[in-house]
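Here is how the chains run, residue by residue.
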Amino acid sequence: MVTSVRTVLGDVRPEELGVCDAHDHLFLRSPLLPGQELDDGAAARAELAAFRAVGGGTVVQWTPYGMGRRAADLPELSRSSGVRVVCATGLHQGAHYSGQLLEELRGRLAEVFVAELTQGIGTSGVRAGLIKVAGGFHALDAHARWTMTAAAEAHHATGAPIAVHLEMGTGALDVLDLLCGSLGVEPHRVILGHLNRAPDPVVHRQAAEAGAYLAFDGPSRAHHATDWRMPEAVRALAEAGFGHRLLLGGDTVVAGARSVDGGPGMPYLLRRVRPRLARELGEELTDRVLTENPGRAFAVRWR
């Protein structure tokens with residue numbers, strides 16, 4: 001069976017992604033980030049154009065259900081910019097939602113995920129290409145276990161990969177114990193995000209040995225104290241034979257972080273991070289991390 005990556009303009013072959021920002025956001029809204037919303041269509045278009053100008057080919061937006069994805073706007077943005085966009089379903093930590101919304105999803109969360117992956121998000125016709133969920137700080141609370149259980153069910157129904165927000169980069173092994181050990185998700189279908197925020201080489205290697213993909217993202221003001229250690233963490237994993245499990249992203253979550261608003265934004269990944277990593281990994285492996293690895297991580301034999 002042929003694998004494909006599900007973009008907002010339809011399914012494409014993995015090799016068509018080009019250079020990929022494997023974890024970012026064009027739109028995002030949360031009560032935890034008042035006044036910092038990513039909710040400007042013109043700014044999103046400009047950010048994609050800036051990413052394209054430095055060689056970008058694809059952006060994977062990890063914004064999940066109920067956080068202002070603006071799915072209906074994504075196809076036009078993708079067409080006009082020439083950048084492929086992959087959209088997420090899923091659910092973030094409970095603090096990002098009202099109690100009423102969460103209650104409305106009780107008993108049907110996996111059904112919502114499957115519908116958004118196979119039929120479309122709302123009336124937009126845009127199908128999601130991954131499931132995004134979130135852990136807690138060094139632990140998995142009841143909300144995380146509920147959402148991850150639903151994500152595993154939706155994965156088994158569709159084949160979609162599961163991308164996990166690790167709070168402050170922690171809890172990777174607990175996530176793998178639950179998703180892979182208890183819920184039967186194959187490790188190579190799990191993408192662990194924010195590992196650069198907790199640069200623990202032992203945990204990184206254990207997660208890689210388990211078979212998961214490891215996503216390193218940034219930079220950010222909140223996590224600047226650990227951002228600078230990302231190249232050495234990536235190099236250690238590559239030297240241990242896990243270069244094929246690495247992913248890179250920008251994770252732009254607030255308006256001030258966009259390049260068009262004076263922040264590093266999406267272009268920073270290729271303008272500064274890529275040459276920095278090339279000094280650690282070499283040009284060939286750096287290119288594979290940005291192209292071949294995302295192609296494998298997000299490609300699915302869709303059911």
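Further up the page is the structure itself.
Structure report, in brief. Since we're looking at a predicted model, the values are computed, not measured.

1. Let's talk about the pattern of salt bridges
In the structure shown here, the tally under the stated rule is 19 salt bridges. One salt bridge connects R70 with D73, and the closest N-O pair in it is separated by 2.7 Å. Of the charged contacts in the structure, one is a salt bridge between R288 and E284, with a shortest N-O distance of 3.2 Å. With R288 and E284 both in helix 11 (residues 283–290) and four residues apart, the pair spans about one turn of that helix. Connected through shared salt-bridge partners, R13, E15, E16 and R84 make up one network.

2. A look at the nonpolar core
Grouped together as the largest cluster of nonpolar side chains are 78 residues, with contacts concentrated most on L91, I131, M148, V164, L179, L192 and F216. Among the elements that take part in this core, helix 5 (residues 142–158) stands out by supplying seven residues, more than any other. With residues up to four places along the chain from it excluded, the contact list for M148 reads V133, A134, G135, L140, V164, V175, L178, L179 and L183. Counting residues in hydrophobic clusters, the runner-up holds 18 residues, among them V12, A22, Y213 and A215.

3. Quick word on the packing of helix 4 (residues 109–118) against helix 5
Where helix 4 meets helix 5, the axes come as close as 8 Å, and the angle between the chain directions of the two elements is 45°. Judged by the angle between their axes, helix 4 and helix 5 are oblique. Crossing of helix 4 against helix 5: the hand is right-handed. Taken together, the residues of helix 5 that come into contact with helix 4 (itself represented by L109, A110, F113, V114, L117 and T118) are W146, T147, A150, A151, E153, A154, A157 and T158. Residues that form the contact of helix 4 with helix 5 fall into these classes: 10 nonpolar, three polar and one charged.

Procedures and definitions
- Residues numbered from 1 in each chain as written.
- Predicted model: local features only at pLDDT ≥ 70, side-chain atom pairs only at ≥ 80, totals over all residues.
- Heavy atoms only, no water.
- Salt bridge = Lys/Arg side-chain N within 4 Å of Asp/Glu carboxyl O.
- Helix = DSSP H or I, 4+ residues; strand = E, 2+ residues; numbered from the N terminus.
- Core = buried A, V, L, I, M, F, W, Y, C linked by side-chain atoms within 4.5 Å.
- Buried < 20%, exposed > 50% of the residue type's maximum accessible area, 1.4 Å probe, protein only.
- Contact = heavy atoms within 4.5 Å.
- Axes fitted to C-alpha atoms, helices over the stretch in contact; angles between N-to-C directions.
- Parallel < 35°, antiparallel > 145°, perpendicular 65-115°, else oblique.
- Left-handed = near helix turned anticlockwise from the far one by under 90°.
- Nonpolar A, V, L, I, M, F, W, Y, C, P; charged D, E, K, R; others polar.

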